[in-house]
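Close look at the chain arrangement
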Amino acid sequence: MSYQTPVSDADLHAYVDGQLAADRCRQVEDYLREHPEAADKVAKYQQINAGLDELYSPMLDEPLPPQLHVKARHSARLLRVATVAAWMMLGGVIGWQLNSSEVEMRVAEQPMQKHLIQPATFAHSVYTSEVRHPVEVSGTEEQHLVSWLSKRLHTTIKAPNLSTQGYALMGGRLLPSTNRMAAQFMYERPDGLRVTLYIRQGKWDSDATAFRFAKQDSTGVFYWIDGPLAYALVAELSRNELLALSEAIYPQLIK
Amino acid sequence: MINQRERIIEHIPRLRRYAHALLKNDTLAADDLVQDCLERALSRLHYWRLGSDMRAWLFTIMHNIYVNQVQRRSNGPQFVELPANDAGIVDSAQAERNVELRDLHRGMAALSPDQREIIILVSLEGLRYQEVATILGIPEGTVMSRLSRARKQLRALLNRDNSPTLRRVK
């Protein structure tokens, strides 16, 4: 039999993938009947397609992980904006950048409890109790510390100055946090009380742009989100004492 | 607008499948990639032309993110998770099938990312070669040659099964 155009390897692929026009398809089928080697190739290609489907398609029916849930539009947006506005007045903060369209479009993000509060309080309890090695890089090398952490977290990190509040920067460290990086700064009061500021990258729920407070046993946590970074201020302090510190910290970070 | 968001949501399972196959089942990295893709798509929804193929648009975004981010930071060790379907093998036909699938899975991991992308878009997504070329930003001829090379490599694994050889036990 003669073929108008010789059957090429590309034809065989297109045949397997159902991308040939009907008449060309018939020609290829004729060709395959007479060429067992080509027919075997085609059978193998089909086997590969079926195998890939069996390998990868079951996940189409899997429930989506929480961070991939695209949220319905927020109805509580006004409330949130009001909360943020209230906070701005409270802290005397000007220039809060809230890109509303971005906020609305955000994808549902990692739960704060698991990715921020828990690791922050745990890191706090682990390292504030250290006598000899509370920090990885000392506060005497502040500039190096900050630029190193900024480099590792791929964004500009700042170590707020809390000397007015009576706290000295002891230093900080880099921490792994599930699949992201986090940084911890540690401060100390003359009476030995230690405060840590935990900073973690992530895709955060923008609902939480306001300041929030959580308490675990005697440890208080103030946390908030600013763009790709989430902050948690952790100390054995009362809510009001922590709020006062947060108010001192926040304006320094957005400068 | 709401309609468009819902259309994106419909495609999420496919985006995941693509990301997982592309990143050799590294679940964390794959879901991160999907999340980045969704975020970018949602924030640029106004760029999407009504009436054009949303799936192709989403795959284009994902491909670009992959090329820009994932490949750049993939210097470190990479995970290859094997599909967990070994347990409870009863009949030998299924056992044989599982071996075949595992070989195929390894074969996929051994392909270059370029080849993997094309195999996924063609075989799993059933996209036309021209569409694949547009998504990946390469000529259709390149799609064909990479597809051909990829299948040749995978086919070699299947052929090997027909002539079993003794494996040295280490």
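Higher on the page you've got the structure.
Here the structure is a predicted model, which means the values were calculated and not measured.

Here we take up helix α7 (residues 142–153) of chain A. For an α-helix, 3.6 residues make a turn, and residues three or four places apart therefore share a direction. Residues and elements named next belong to chain A. Relative to the 16 Å expected for twelve residues at 1.5 Å per residue, α7 spans 16 Å between its end C-alpha atoms, a close match to the ideal helical length. Looking at α7, one finds that the buried residues are Leu145, Val146, Leu149, Ser150 and Leu153. Projected onto a plane normal to the axis of α7, the buried residues spread over an arc of 125° and lie on a single side. Away from its buried face by more than 90 degrees, α7 exposes Gln143 and Lys151. Turning to α7, the residues buried within the fold contact β1 (137–138), β2 (168–177), β3 (180–188), β4 (194–201) and β7 (229–235). Just downstream of α7, His154 is the residue with a positive phi angle, here 55°.

Here the focus is the interface of chain B and chain A. On the side of chain A, 42 residues touch chain B, which itself brings 45 residues to the contact. Summed over both partners, the interface of chain B with chain A comes to about 4,100 Å²; 62% of that surface belongs to carbon and sulfur atoms. For chain B, the biggest contributors to the area lost against chain A are Arg5(B), Gln35(B) and Arg151(B); these three give 16% of the whole. Our enumeration of links across chain B and chain A arrives at three salt bridges. A salt bridge links Arg16(B) to Glu62(A), with the shortest nitrogen-to-oxygen separation between them at 3.4 Å. Along the contact surface separating chain B from chain A lie 15 residue pairs in polar contact (both at pLDDT 80 or more). Among the secondary structure elements, those contributing two or more residues to the side of chain B that touches chain A are α1 (2–22), α2 (27–43), α4 (92–110), α5 (113–124) and α7 (140–162) of chain B. Here the residues of the side of chain B that touches chain A are counted per class, giving 23 nonpolar, nine polar and 13 charged.

Let us look at the packing of α5(B) against helix α6 (residues 129–136) of chain B. A pair of packed helices is captured by two measures, namely the crossing angle of their axes and the spacing between those axes. Residue and element names in this part refer to chain B. Closest axis-to-axis distance for the α5/α6 pair is 10 Å, and the angle between their directions is 140°. Comparing their axes, α6 and α5 come out oblique. Where α5 crosses over α6, the two elements pack in a sense that is right-handed. Here Glu117, Ile118, Leu121 and Val122 of α5 lie close against α6, whose contacting residues are Tyr129, Val132, Ile135 and Leu136. Of the residues contributing to the contact of α5 with α6, the split by class is seven nonpolar, no polar and one charged.

Turning our attention to the pattern of salt bridges. All names here are of chain B. With the rule as written, the count across this model stands at 14 salt bridges over all chains. Between Asp31 and Arg16 there is a salt bridge, with its nearest N and O atoms 3.0 Å apart. Remark: Arg16 occurs in helix α1 and Asp31 occurs in helix α2; sequence separation between them is 15 residues. Both residues of the pair, Asp31 and Arg16, count as buried. Overlapping salt bridges bring together Arg14, Arg17, Arg55 and Glu125 as one network.

Another point: the sheet that holds strand β6 (residues 219–226) of chain A. Residue and element names in this part refer to chain A. Taking strand neighbours across the sheet as the criterion, the seven strands line up as β1-β2-β3-β4-β7-β6-β5 in an open arrangement whose pairing is antiparallel. Of all strands in the sheet, those with a lone pairing partner are β1 and β5 (212–216), marking the two edges. Where β1 meets β2, two bridges bridge the pair, whose relative direction is antiparallel. Across the sheet, the residue bridging to Val137 is Gly172, located in β2. Sitting on the sheet, helix α6 (residues 112–128) touches β2, β3, β4, β5, β6 and β7, and the angle it makes with β4 is about 145°. Contacting β4, β5, β6 and β7, helix α8 (residues 239–254) runs over the sheet at an angle of about 25° to β6.

Right, let's get into the packing of helix α3 (residues 36–56) of chain A against α5(B). The contact between α3(A) and α5(B) brings their axes to 10 Å, and the two run at 95°. Taken together, the axis directions place α3(A) and α5(B) in an arrangement best described as roughly perpendicular. Contacts between α3(A) and α5(B) involve Asn49(A), Leu52(A), Asp53(A) and Tyr56(A) on the former and, on the latter, Ile119(B), Ser123(B) and Leu124(B). Of the residues assigned to the contact of α3(A) with α5(B), the class counts are four nonpolar, two polar and one charged.

Let us look at the nonpolar core. Within the largest apolar cluster, 57 residues are counted, with the highest numbers of intra-cluster contacts made by Ile8(B) and Trp57(B). Listing elements by their share of this core, those giving two or more residues are α3 of chain A together with α1, α2, α3 (54–70), α4, α5, α6 and α7 of chain B. With nine residues, α3(B) is the single largest residue contributor to this core. Every residue in contact with Ile8(B), bar those within four places of it in the chain, is listed here: Leu38(B), Ala41(B), Leu42(B), Leu45(B), Met54(B), Trp57(B) and Leu58(B).

All names here are of chain A. Scanning the entire structure with this criterion turns up four aromatic pairs over all chains. When the centroid spacing of 5.3 Å and the interplanar angle of 50° are considered together, the rings of Phe213 and Phe222 count as tilted. Judged by its relative accessible area of 23%, Phe213 falls in the partly exposed class. Its relative accessible area of 3% is what places Phe222 among the buried residues. Summarising the aromatic geometry, the rings of Trp224 and Tyr250 are spaced 6.3 Å apart at their centres and angled 80° between planes, so their arrangement reads as edge-to-face.

This part takes up the pairing of β7(A). All names here are of chain A. In terms of burial, β7 is a largely internal element, seven of the seven residues being buried. Side-chain alternation along β7 places Leu229, Tyr231, Leu233 and Ala235 on one buried face and Ala230, Ala232 and Val234 on a second face that is also buried. As defined by bridge partners, β4 adjoins β7 across six bridges and the pair is classed as antiparallel. Residue pairing in the sheet places Tyr198 in a bridge with Ala232 of β7. Sheet topology note: the β6/β7 ladder contains seven bridges and is antiparallel. Each residue of the ladder has a partner; that of Gly220, found in β7, is Ala235. Following β6, the chain reverses through two residues before pairing antiparallel with β7; Gly227 in that reversal takes a positive phi of roughly 65°.

Criteria and cut-off values
Residues numbered from 1 in each chain as written. Chains lettered and ligands numbered in written order. Predicted model: local features only at pLDDT ≥ 70, side-chain atom pairs only at ≥ 80, totals over all residues. Heavy atoms only, no water. Helix = DSSP H or I, 4+ residues; strand = E, 2+ residues; numbered from the N terminus. Expected span 1.5 Å × (residues − 1). Buried < 20%, exposed > 50% of the residue type's maximum accessible area, 1.4 Å probe, protein only. Arc of directions from axis to C-beta. Contact = heavy atoms within 4.5 Å. Buried area = accessible area lost by both parts, 1.4 Å probe. Salt bridge = Lys/Arg side-chain N within 4 Å of Asp/Glu carboxyl O. Polar contact = N/O pair within 3.5 Å; in protein donor to acceptor, adjacent residues only side chain to side chain. Nonpolar A, V, L, I, M, F, W, Y, C, P; charged D, E, K, R; others polar. Axes fitted to C-alpha atoms, helices over the stretch in contact; angles between N-to-C directions. Parallel < 35°, antiparallel > 145°, perpendicular 65-115°, else oblique. Left-handed = near helix turned anticlockwise from the far one by under 90°. Pairing = 2+ DSSP bridges. Core = buried A, V, L, I, M, F, W, Y, C linked by side-chain atoms within 4.5 Å. Phe/Tyr/Trp six-rings, centres within 6.5 Å; stacked < 30°, edge-to-face > 60°.

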